[in-house]
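Summary of the model geometry
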Amino acid sequence: MSLSFNALSSLRHVPGFPQFSASALLLGTGASFAVPYMPLFARNEAHMSPLLLGIFMTLMSLSGVLISTQLARWSDGRIGSKPIVLTALLGAAIGYVLLCTTHSFVPLVLIACVFLGTGAAAFPQLFAFARTHFSLAGEEAADRSMITLRSMFSVAWMLGPAAAAIILGAAGFRGLFLATAACYLLVSLPLALARSRPVSQAPAVSETAEDGSGPRRPLALVALCFVLYGMSNTMGFIALPLHVTGALHEPSSTVGWLIGLCAFLEIPFILGFALFSGRFSNERLIHLSLGLFMVYFVVMAVAPSVWLLAAAQLIRAAVIAVTTTLGMAYFQELMPNRTGTALTLYANTNSVGAVLSGIVSGAFAQAFGYQAVFLLCAALTGAAFLLLSVITRPQSPGPSSGLMAPVQASK
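Per chain, residue numbering runs from 1 following the sequence as it is written. For a predicted model such as this one, the threshold for reporting local features is a pLDDT of at least 70, and the threshold for listing and counting side-chain atom pairs is 80 or more; totals across whole chains, interfaces and linings nevertheless cover every residue. Here the side-chain values reflect all heavy atoms present in the structure, with hydrogen atoms and water set aside.

- Per an unreviewed UniProt entry, the chain carries the name SET family sugar efflux transporter-like MFS transporter and comes from Deinococcus humi.
- Heading Sequence similarities (unreviewed entry) of the UniProt record for the chain holds this comment: "Belongs to the major facilitator superfamily. Set transporter family."
- The Subcellular location (unreviewed entry) field of the UniProt record for the chain holds the comment "Cell membrane". UniProt positions are given in the numbering used here, feature names are shortened, and annotations may be inferred rather than shown by experiment.

Observations concerning the side chain of threonine 58
- Strands here are runs of E lasting at least two residues and helices are runs of H or I lasting at least four, both read from the DSSP assignment and numbered beginning at the N terminus. The residue threonine 58 is located in helix α4 (residues 50-75) in this model.
- We classify threonine 58 as buried; its relative accessible area is 7%.
- Throughout, a residue-residue contact means that at least one pair of heavy atoms, one from each residue, lies within 4.5 Å. Ignoring any residue separated from it by four or fewer positions in sequence, one finds threonine 58 in contact with Ala354, Val355, Gly358 and Ile359. Throughout this description, buried means an accessible area under 20% of the type-specific maximum (1.4 Å probe, protein chains only), exposed means over 50%, and partly exposed covers the range between.

Comments concerning the nonpolar core
- Judged by nonpolar contacts, the single largest core of 126 residues is most densely connected at Phe20, Leu27, Met38, Tyr96, Phe134 and Phe177.
- Looking at which element gives the most residues to this core, the answer is helix α8 (residues 139-193), with 19 residues.
- A domain assignment, automatic or from a database, supplies the domain bounds used here. When residues of this core are assigned to domains, at least three fall in each of domain 1 (14-195) and domain 2 (216-392).
- Apart from residues lying up to four places away in sequence, tyrosine 96 is in contact with Ala34, Met38, Leu116, Phe177, Thr180, Ala181 and Tyr184. Here, nonpolar core means buried Ala, Val, Leu, Ile, Met, Phe, Trp, Tyr and Cys residues that are tied together by side-chain atoms lying within 4.5 Å of each other.

Quick look at the packing of aromatic side chains
- Each aromatic pair joins two rings of Phe, Tyr and Trp (for Trp, the six-membered one) with centres within 6.5 Å, and gets the label stacked for planes under 30 degrees apart, edge-to-face for over 60, and tilted for any other angle. The full count for this structure, using the stated rule, is 18 aromatic pairs.
- Geometrically, the ring pair formed by phenylalanine 293 and tyrosine 296 is stacked, given 5.5 Å between the ring centres and 10 degrees between the ring planes. Linking phenylalanine 293 with tyrosine 296, this pair stays in helix α11 (residues 282-302), spanning 3 residues, or about one helical turn.
- Assessed through its relative accessible area of 0%, phenylalanine 293 is described here as buried.
- Judged by centre distance (4.8 Å) and plane angle (50 degrees), the ring pair of phenylalanine 364 and phenylalanine 368 falls under tilted. Taken together, the residues phenylalanine 364 and phenylalanine 368, both in helix α13 (residues 339-368) and 4 residues apart, mark about one turn of the helix.
- What links up through ring pairs into an aromatic cluster is the set Phe41, Tyr96, Phe173, Phe177 and Tyr184.

Observations concerning the environment of tyrosine 184
- Mapped onto the fold, tyrosine 184 is located in helix α8.
- For the pair tyrosine 184 and threonine 29, spaced 155 residues apart in sequence, the C-alpha to C-alpha distance is 8.7 Å.
- Dropping the residues within four chain positions of it, tyrosine 184 is found in contact with Leu27, Gly30, Ala31, Leu89, Ala92, Ala93 and Tyr96.

Digging into the environment of alanine 141
- Tracing the chain through its elements places alanine 141 in helix α8.
- Between the C-alpha atom of alanine 141 and that of valine 14, which follows or precedes it by 127 residues, the distance is 7.6 Å.

Looking at the packing of helix α3 (residues 38-45) against helix α9 (residues 219-246)
- One way to put it is that α3 packs onto α9 with a least axis distance of 8 Å and a crossing angle of 55 degrees. Taken together, the axis directions place α3 and α9 in an arrangement best described as oblique. Where α3 approaches α9, its residues Pro39, Leu40 and Arg43 are matched on the opposing element by Ile238, Pro241, Leu242 and Thr245.
- Its residues placed into classes, the contact of α3 with α9 shows 5 nonpolar, 1 polar and 1 charged. In this analysis an axis means a line fitted to C-alpha atoms, helices contributing only their contacting stretch, and an angle means the value between N-to-C directions, from 0 to 180 degrees. Working definition: roughly parallel below 35 degrees, roughly antiparallel above 145 degrees, roughly perpendicular at 65 to 115 degrees, and oblique for all remaining angles. Under the scheme applied, nonpolar residues are Ala, Val, Leu, Ile, Met, Phe, Trp, Tyr, Cys and Pro; charged residues are Asp, Glu, Lys and Arg; polar residues are all the others, including Gly.

A word on the confidence of the model for the chain
- pLDDT runs from 0 to 100 and stands for how confident the predictor is about each residue. For the chain, per-residue confidence averages 81 on the pLDDT scale, and 84% of positions sit at 70 or higher.
- Element-level pLDDT for the chain is lowest in helix α15 (residues 404-410), with a mean of 34, against a maximum mean of 94 in helix α6 (residues 105-119).
- Confidence drops under pLDDT 50 across residues 1-5; counting only partners more than four residues distant or on other chains, this segment forms 5 contacts.
- A low-confidence stretch, residues 396-411 (pLDDT under 50), is modelled with 32 contacts involving residues beyond four sequence positions or located in other chains.

Quick word on the side chain of serine 357
- If you trace the backbone, serine 357 turns up in helix α13.
- When sequence neighbours within four positions are dropped, the list of residues in contact with serine 357 reads Met231, Thr234, Met235 and Gly362.

Notes on the packing of α9 against helix α12 (residues 306-334)
- In the contact formed by α9 and α12, the axes pass within 12 Å of each other and the chain directions differ by 150 degrees. As far as their axial angle goes, α12 and α9 are roughly antiparallel. Remark: the crossing between α9 and α12 carries left-handed chirality. Contact residues: Leu219, Val222, Ala223, Phe226, Tyr229, Asn233, Phe237 and Val244 in α9; Leu309, Arg316, Val319, Ile320, Thr323, Gly327, Tyr330, Phe331 and Leu334 in α12.
- Of the residues contributing to the contact of α9 with α12, the split by class is 13 nonpolar, 3 polar and 1 charged. Here is the rule for handedness: rotate from the far helix to the near one, and if that takes an anticlockwise turn smaller than a right angle the crossing is left-handed, while a clockwise turn gives right-handed.

This is the structure we're talking about:
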């Protein structure tokens, strides 16, 4: 155990790790300020109906998928990740400033699609840029660094939503969005000082993993599993603040407390993956997490009080730690030597899920209420669990072609 902790502490010597950790922490802070309260802004300030809220969230997510996909192609080419991630951060900062200027539906949609959609590329491109630096320290140190970097993002979510609730109470949504924009601008400072690394063109491993270095899976179906997971996760995230403040009559600060609690509980799981990386199958842990997520949504649907919702955050923390941390590693296993595209594909599965979840959750909530949305989330997660069961069963053949099709089609 002491050797594992020594290995973890040695990450400070990995090239670029301190500045990338600072950037990940600030990026998580910016996201944790705005994302949990966007549905409340849409309902309370812009006076959107559940259906209009769904349309708004769908269009914003769709633009993020399209823009980040194109930016990923450029980052894996000659441009590299550094200018791409800086552009995405600037776009997000401008977008949140512009949200302070209007409450009209159409301008809000345009701001979300153009600027916040560009900002959606910041997360995968930050990690892709970091990977080019971490790889100089060796594969094992690079993998451990990437997992630990993801923990920095979760640390921000531990306190960010609660801090955002304080800002919201003191300065309203205008103050909240300006603080978010400032965070995105601060993220760019350590990255601007980092030196760009050339994109490796050496095909050390074939894209189909014919040398046995990674699992042979139909990438389109794996992506579909993550889309279904992303759809249920986003629908549950949209429903959480509205269910807590509406059905349970709790203040908005309770939303920040629940989200912060979940982020706090993620930390030991993520650090455990960093300490013991490679000892467990990423695929099996992801499969198990989907089964646990079904349980989480059922609890959320039937919980009579906020205290049971709080207890359920332990399950959600474990699931998110697995799917976000090991999910990135899993997609890199499936697409070796294409880090930018693999991480964007992973991130875009969640975005595509958000695209589908926006209108579906809005229409479903308008018809049956936000509490019923959690049951729909359980059903979608169950479908992902069953699909991954079929994909990973031993007798299933692993196709050796067609890996690029889903990247071109939906990512």
